[in-house]
Amino acid sequence: MDRIIRKSAIVLTFCLALVLMLFAPVFGPASAQAQDTIPFFQAGKIRVLILSGRNNHDWRSSTPFLRKVLVDSGRFDVRVEEEPVGITAATLAAYDLLVVDYEGPRWGDVTEKALEDFVNQGKGLVAVHGANYTFAGLEVLLDKHKPSGLKQPPWPEYLQMIGGWWTLGPPKTDHAPRHCFTVKFVDREHPITRGLPESFRTSDELYHSPQMLPAAHILATAFDDPANGGTGKDEPLMWTVNYGKGSVFYTALGHDLSAQQESGYVSTFTRAAEWAATGAVTLSADGKLPTQAPPPLRVLVVTGGHEYSTTFYTVFEGADDLHWEHAVSNHMAFKNDIRKDFDVLVLYDFSQEVSEAEKTNLRDFVEAGKGVVVLHHAIADYQDWDWWWKEVVGGKYLLKPDGSTPASTYLHGQEQCVRPIVSHPITARSRTMHLWDETYKGMWISPDVKVLLRSDAPTSDGPVAWISPYPKSRVVYIQLGHGETAHLYPAYRVLVQDAIRWTGGRLDAEKK
Ligand SMILES: [Zn+2]
Ligand SMILES: [Zn+2]
C-alpha cells in the first residue's frame, strides 16, 4: 500500500514536472505578455504618487482632478494614496514625484523620514494650497477651519522642503475673501514658466504673508488688493525649493475645483510636476505633451422625431479623438452642404419628412465617401426613400405592412447576449456583450450586409449590427441603444465609438 502510494506519488511528481516543462515556455512568455499589455507602470512616464485622504478642503474632488490633469497631459502615470500613514521607503521607491494634496494629522516617523529621504536623494515634490499649513503646527490659527482642533507639533523638515508656510506672525498668514485677481510670473526664465504668458487671471484664495525661507525661489505673485481686505502687497503664490538633491514646487492656488480648472493653474501645476520630477519641462503652455495625433474626427450627431434618454450624449464621453456636434432634427442637419464640415454622420433620429434639398445634401455627404453610423430607431428613417434604406443602410424597420410583409415589432428591456460573428475592428474591443435593451423583429435586412453582431434574444431578428454593402462610403448600422441600460454599458460605448472611428477611416482598415 505504502509502496503504491509512493509509486503513485513519484508518477504524479513526474507528470507534474512534465506538465510544467511542457507549459513553462507558454506560462513564461504569457505572463510577460500580460505585463506588457497592462503594465504595472506605463513605460516612459513619470511615476507620481498623490498623498491625499484628509483635508479641510474637498480632497474627494480635488485629488481626482489633479490626477486627471496629470494623466491627460500624457506625461505621467499616477497613483493615489488616501492613507499616507505607514508608507515606507519601499512604497516610495518606484516613484519619481510625490504630490501632497493633504491637510491633517502627521504621518509618523517612518513615513516622514521616507518622504524626507525621497526628496533629499533627488526625487520631486509638489505641494498644493493648504499643504503648506498642514504640518506647520498652527492649531490655534486653524481652529476656525477645524472646530475639533488638530493638536500636533510642526514637522520642521517638511517646512524646510516647501520653503514657505502659514505662521501666527506677526504678520499672520491668512487670505482675503475669495475674488478674481491677476497672477504675474516674476521669473519667466524658469523651465516651469518659460514661454507662458506674463500673467493669468483666476478666481481663488490669495494667501498672504507666509513665513518664507530665503531658499524659496519665487516664480509668481499677485497684488493683494487692500480694497478686498488684502495687504496691499505683491504676495508670493508659487515658488520652488532645492531640498538636498531634490526639487520642490509649491503653489498657493487651487482652493477648489473651480480654481483648479483655471488654465493658469493646470498649466503651472502640470509643468511644475514635470520639472520637479525631471528638472526639465517638455509640456506645452496648455500643460499637455506636444502631439502628432491627427485632428479629431468631426462628427455630426442627428436626433429628432423620437424621445431618448440624455444618457445618449454620454456615449461619446472620453473620446478625445471624436469631436461631435448636435443637430436636433434632420432638417437642421441637412439644410446645408455638410461635406466640408464633418467626417462622420451619426443618425439617432426618427425622420420621414425630408425635402429634395435636404436629400441632396445627405446624398452628397454619403456619396463623398464619408462615414455613416445609423443607430437604433434611425433604421426606420425615410421609409419611402428606397435608395436610402435599400442601398445605403441595408435594412429597414417596417413601420407598416408592405404587401404581404407584416410591420416590424419591438420589445423593450430584453435581456440578451450579443456576440460578434466575424472578426472586425469595430467589435474587437466590445466583444460579447450582456445587456438589457430593446429588440426589433421582422425587419427587412439586405442579403448583402456583413453582419457583425448577433443577439440571442428570441424577440430579435438576430443581426443587430452590420456593415452595409453600399460601395461609396463606410456605413454601419447598430440596432442596440434604446436607453440608458445600453448607453451606460461600457462595451456599447466602445462599440459605437469604434464604429464611428472605423467609418471615419481611423481604425485599422479592414476590407468590408
Ligand atoms: Zn482654501
Ligand atoms: Zn427604442
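This section reports on the structure supplied with the text. Note that the coordinates shown come from a computational prediction; the quantities given were computed from them, not determined experimentally.

1. A look at the coordination of the zinc ion (ligand 1)
Phase 1: On the protein side, the zinc ion (ligand 1) has His 57 (NE2), His 129 (NE2), Glu 205 (OE) and His 255 (ND1) as donor atoms, found 2.0 to 2.2 Å from it.
Phase 2: In this structure, the zinc ion (ligand 1) is surrounded by four donor atoms whose angles at the metal cover 87 to 167°, and the resulting shape is irregular.
Phase 3: Sequence spacing of the donors to the zinc ion (ligand 1): H-x71-H-x75-E-x49-H. In this pair, His 57 is assigned in the loop between β1 (46-51) and α2 (59-72) and Glu 205 in the loop between β8 (199-204) and β9 (207-208), connecting sequence segments 148 residues apart. Accessibility classification places His 57 together with Glu 205 in one group, the buried group.

2. Points about the layout of surface pockets
Phase 1: If you add up the space inside the largest pocket, you get close to 270 Å³.
Phase 2: Every residue lining the largest pocket is listed: Lys 288, Leu 289, Thr 291, Ala 293, Pro 294, Pro 295, Pro 296, Asp 320, Asp 321, Arg 501 and Arg 506.
Phase 3: Along the lines of polarity and charge, the residues of the lining of the largest pocket split into five nonpolar, one polar and five charged.
Phase 4: Approximately 200 Å³ is the volume found for the second largest pocket.
Phase 5: Contributing to the lining of the second largest pocket are 13 residues, with His 306, Phe 350, Tyr 410, Glu 438 and Tyr 440 lying nearest its centre.
Phase 6: At the level of secondary structure, the elements contributing two or more residues to the lining of the second largest pocket comprise β19 (409-420) and β20 (433-441).
Phase 7: Tallied by class, the residues present in the lining of the second largest pocket amount to six nonpolar, five polar and two charged.

3. Things to note about the coordination of the zinc ion (ligand 2)
Phase 1: Bound to the zinc ion (ligand 2) on the protein side are His 376 (NE2), Glu 438 (OE) and His 482 (ND1), at distances that span 1.9 to 2.1 Å.
Phase 2: Look at where the donors of the zinc ion (ligand 2) fall in the sequence and you get H-x61-E-x43-H. In this pair, Glu 438 sits in strand β20 while His 482 sits in the loop between β24 (474-478) and α12 (484-487), placing the two residues 44 residues apart along the sequence.
Phase 3: According to the relative accessible area criterion, His 482 is partly exposed, its value standing at 24%.

4. Points about the pattern of salt bridges
Phase 1: The tally for this structure, following the rule as stated, stands at 19 salt bridges.
Phase 2: Across the pair Asp 364 and Arg 339 runs a salt bridge, and its minimum N-O distance is 3.8 Å. You can see Asp 364 sitting in helix α10 (residues 356-367) and its partner Arg 339 sitting in the loop between α9 (330-333) and β16 (344-347), a full 25 residues away along the chain.
Phase 3: For Asp 364, a relative accessible area of 22% translates into the label partly exposed.
Phase 4: Under the relative-accessibility criterion, Arg 339 is labelled partly exposed at 32%.
Phase 5: We note a salt bridge from Glu 367 to Lys 472, for which the minimum N-O separation is 3.8 Å. In this pair, Glu 367 sits in helix α10 while Lys 472 sits in the loop between β23 (463-467) and β24, placing the two residues 105 residues apart along the sequence.
Phase 6: Residue classification places Glu 367 among the partly exposed positions, given a relative accessible area of 33%.

5. Re the packing of α10 against helix α11 (residues 386-393)
Phase 1: Two elements in contact, α10 and α11, have axes whose closest approach is 12 Å; the angle formed by their N-to-C orientations is 15°. Considered as vectors, α10 and α11 are oriented roughly parallel to each other. Crossing angle aside, the handedness with which α10 passes α11 is left-handed. On α11, the residues that touch Leu 362, Arg 363, Val 366 and Glu 367 of α10 are Trp 387, Trp 388 and Val 392.
Phase 2: Here the residues of the contact of α10 with α11 sort into five nonpolar, no polar and two charged.

6. Comments concerning unusual backbone geometry
Phase 1: Geometrically, the link from Gly 169 to Pro 170 is a cis peptide bond, its omega value of 5° lying close to zero.
Phase 2: Within the secondary structure, Pro 170 is located in the loop between β5 (164-165) and β6 (174-175).
Phase 3: With an omega of -5°, the peptide bond running from Pro 170 to Pro 171 counts as cis.
Phase 4: Assignment of secondary structure puts Pro 171 in the loop between β5 and β6.
Phase 5: The backbone phi angle of His 129 is positive, close to 45°, even though this residue is not glycine.
Phase 6: Locating His 129 in the fold gives a position in the loop between β4 (124-128) and α5 (139-142).
Phase 7: A positive phi angle, close to 50°, is found at His 376, a residue other than glycine.
Phase 8: Looking at His 376, the relative accessible area reads 0%, which means it is buried.

Each value, and the rule that gives it
Residues numbered from 1 in each chain as written. Chains lettered and ligands numbered in written order. Predicted model: local features only at pLDDT ≥ 70, side-chain atom pairs only at ≥ 80, totals over all residues. Heavy atoms only, no water. Donors = N, O, S within 2.8 Å, 3.2 Å for Na, K, Ca; no water. Tetrahedral: all angles 85-135°; square planar, octahedral: opposite > 155°, others 65-115°. Helix = DSSP H or I, 4+ residues; strand = E, 2+ residues; numbered from the N terminus. Buried < 20%, exposed > 50% of the residue type's maximum accessible area, 1.4 Å probe, protein only. 1 Å grid on protein atoms, 1.4 Å probe; cavity = no way out; pocket = protein on both sides within 12 Å on 5 of 7 lines; lining within 4 Å. Points joined across faces, edges and corners; volume = space filled by probe spheres on them. Nonpolar A, V, L, I, M, F, W, Y, C, P; charged D, E, K, R; others polar. Salt bridge = Lys/Arg side-chain N within 4 Å of Asp/Glu carboxyl O. Axes fitted to C-alpha atoms, helices over the stretch in contact; angles between N-to-C directions. Parallel < 35°, antiparallel > 145°, perpendicular 65-115°, else oblique. Left-handed = near helix turned anticlockwise from the far one by under 90°. Contact = heavy atoms within 4.5 Å.

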